[in-house]
Amino acid sequence: MTGLRKDFLWGGAVAAHQLEGGWQEGGKGISVADVMTAGANGVSREITDGVLPGKNYPNHEAIDFYHHYPEDIKLFAEMGFKCFRTSIAWTRIFPEGDEAEPNEAGLKFYDDLFDECHKYGIEPVITLSHFEIPFHLVKKYGGWRNRKMIEFFMKFATACFERFSGKVKYWMTFNEINNQTNYDSPFALMTNSGLTVDPSENMERLMYQASHFELVASALAVQKAHEIDPNNQVGCMIAMVPIYPLTAKPQDIMSAEKAMQARYWFADVHCNGRYPSWLPVHFKRENFNLDITEEDLDVLKAGTVDYIGFSYYMSACIKDNGNAPEYHYDEQNGQTTNPYLEHSEWGWAVDPEGLRYGMNWFNDRYNLPQFIVENGFGAIDKVGADGKVHDSYRIDYLRRHIEQMKLAVEIDGIDLMGYTPWGCIDLVSAGTGQMDKRYGFIYVDKNDAGEGTLKRSRKDSFDWYKEVIATNGEDL
Ligand code: P53
């Protein structure tokens, strides 16, 4: 018997824009994901000014889940999924983002999808904003630099809470809201906040301003969700990439401590309802003059989250950054290689114990239930002569992480709600736009060039995960 809850939410996770396709079906508008081209391993995706002819936009078709979902949910049910994490594409509900009324065809699509899940006893777990802001809101309002975004987001969130009341009870507000700590990355700024880089602006300041508006919107959404249905549970969604000091040198330790503060203050606001002490000091020293009102601070206090949703793929490492006494953290250039770890083909450090470490870190600070809503191993899969993918490397990665997750529950006493590995069915990579960087238990016949039949098939990991779920994590 494992110490996992009897009602442990085993499942899988995806995001609308990475698998649905149907980018213009049912009146859907253009999102920021629709203007990102395919990159490659080590080649950034291009963010274009609208949808331009002759460019390859892999999210437009993705794996066409929009038309295949009954077949796909059936396969999830075969694995024994108790839950399925996806997002609601904002542009299906409000195609441009600033309309007065929601789009019925979009609401209907998710109604049908959630009904299909419930048919098999699968609980939907829903992210509201997962890298798919309406592009119109970027063009017309400048994305989350604009306070008006709070209003647009609340219209979207409220429409979802009202329509799906009774069908969805687990929600998250902003996916990996803390990715934008890397404010030198145009990808992070666009996917998190719909911000385009403007050389005349201080991007660090802008990141803090946009994040503040998002955190206020998140806190308002938590309150609204509870008001509409007291059964709703709303979480934050944090990308947990613990940053270790390279050595015991005190300046390495302080650099790591300050880097952790810079990456995770978002969780402080979500969970504690207030800014940590160093941030107002930092804002003042930098003369950021942010638009943060007293009323905002009250909203943050009143809208703390019910649980911590987080992704975990890897850890990072830092040495003395030479920036004492502030130890200002530069996420783009500030990390160093951890000599104790192996790395995936994409340079992601494989560190199962880092998952347990991250869970303890959250638990020590916030003492809230946790939900691992992403974890997984991106790899190139080869279809064997027998027509099947033999992905022992993926099984190995997941097994080692589940082992650590169980220790966090059984030894550290952490209250864990569930585990949803990322990309349970192959989908478009967010970071690179690749199809061939795969995470799935289910193989989808489509490659980076966009060729393939879209046919679904079970990998070895499919049978393995089915057994894991059937034994509540006993049989790994
Ligand atoms: P891909 C960076 C670092 C950690 C997680 O990523 C990240 C990113 C952004 O690429 O994103 C999350 O597809 C995200 C998912 C994404 C998944 O991790 O680049 O929430 O949308 O697909 C995996 O391999």
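Look a little higher up for the structure.
Fair warning: this is a prediction, and the values are worked out from it, not measured in the lab.

Draft legend 1. Structural view of a negative patch on the surface. The grouping of E410, E467, E474 and D475 at the surface amounts to a negative patch. On the secondary structure map, E410 appears in helix α13 (residues 392–410). Accessibility expressed as a relative area gives 40% for E410, which makes it partly exposed.

Draft legend 2. Main features of the site of the ligand. For the ligand, the set of nearby residues contains 15 residues, the closest of which are Q18, E374, A430, K437 and Y439. H130 is positioned with one of its side-chain polar atoms (N or O) 2.9 Å from an oxygen atom of the ligand. The contact in question runs from an oxygen atom of the ligand to an N or O atom on the side chain of K437, over 2.7 Å. Coverage of the ligand by the protein amounts to 91% of the 480 Å² it exposes when considered alone. At a threshold of 2 Å from the grid points, most atoms of the ligand map onto the largest pocket. In terms of residue class, the shell around the ligand is built from seven nonpolar, five polar and three charged.

Draft legend 3. Region of the structure containing the packing of α13 against helix α14 (residues 460–470). Contact geometry for α13 and α14: axes closest at 10 Å, N-to-C directions at 25 degrees. Taken as axis vectors, α13 and α14 run roughly parallel relative to one another. Along its contact with α13, which presents R394, I395, L398, R399 and I402, the element α14 presents D460, S461, W464 and V468. Its residues assigned to classes, the contact of α13 with α14 comprises five nonpolar, one polar and three charged.

Draft legend 4. The nonpolar core, seen in detail. W144 and F153 are the most contacted members of the largest nonpolar core, which has 144 residues in total. Here this core takes 13 residues from helix α8 (residues 203–228), the largest share from any one element. Apart from residues lying up to four places away in sequence, F153 is in contact with W90, L128, S129, W144, F174, A217 and A221. Counting residues in each nonpolar core, the second largest holds ten residues, with V125, Y170, M237 and V373 among its members.

Draft legend 5. Just the pairing of strand β2 (residues 83–87), in detail. The element β2 is extensively covered by neighbouring structure, given that five of its five residues are classed as buried. Of the two faces of β2, both are covered, the one formed by C83, R85 and S87 as well as the one formed by F84 and T86. Here three bridges tie strand β1 (residues 9–13) to β2, and the two strands are oriented parallel to one another. Bridging across to β2, G11 finds its partner in C83. Across five bridges, the pairing between β2 and strand β3 (residues 123–129) is parallel. Looking at the pairing, C83 lines up with E123 of β3.

Draft legend 6. Examining the state of the cysteines more closely. Enumeration over the complete set of coordinates arrives at zero disulfides. No disulfide involves C83; its sulfur sits 9.3 Å from that of C424, the nearest cysteine. Here C271 stays free of any disulfide, with the sulfur of C236 as its closest cysteine sulfur at 4.5 Å.

Draft legend 7. Structural detail: unusual backbone geometry. Cis geometry is adopted by the peptide bond preceding P325, which originates at A324 and carries an omega value of 0 degrees. The phi torsion at A62 lies on the positive side, around 50 degrees, for a residue other than glycine. Residue placement: A62 occurs in the loop between α1 (16–19) and α2 (65–79). With a relative accessible area of 0%, A62 lands in the buried category. Of note, N287 is a non-glycine position whose phi angle comes to about 55 degrees, a positive value. When you line up the elements, N287 lands in the loop between α10 (278–285) and α11 (294–302).

Conventions used here
Residues numbered from 1 in each chain as written. Predicted model: local features only at pLDDT ≥ 70, side-chain atom pairs only at ≥ 80, totals over all residues. Heavy atoms only, no water. Patch = residues over 30% accessible without salt bridge, like charges linked within 9 Å, V, L, I, M, F, W, Y side chains within 5 Å. Areas by Shrake-Rupley, 256 points an atom, 1.4 Å probe, with all protein chains shown as cover. Salt bridge = Lys/Arg side-chain N within 4 Å of Asp/Glu carboxyl O. Lys, Arg positive; Asp, Glu negative; His and termini not counted. Charge placed at Lys NZ, Arg CZ, Asp CG, Glu CD. Helix = DSSP H or I, 4+ residues; strand = E, 2+ residues; numbered from the N terminus. Buried < 20%, exposed > 50% of the residue type's maximum accessible area, 1.4 Å probe, protein only. Near = heavy atom within 4 Å. Polar contact = N/O pair within 3.5 Å; in protein donor to acceptor, adjacent residues only side chain to side chain. 1 Å grid on protein atoms, 1.4 Å probe; cavity = no way out; pocket = protein on both sides within 12 Å on 5 of 7 lines; lining within 4 Å. Sits in = over half its atoms within 2 Å of the grid points. Nonpolar A, V, L, I, M, F, W, Y, C, P; charged D, E, K, R; others polar. Axes fitted to C-alpha atoms, helices over the stretch in contact; angles between N-to-C directions. Parallel < 35°, antiparallel > 145°, perpendicular 65-115°, else oblique. Contact = heavy atoms within 4.5 Å. Core = buried A, V, L, I, M, F, W, Y, C linked by side-chain atoms within 4.5 Å. Pairing = 2+ DSSP bridges. Disulfide = S-S within 2.5 Å.

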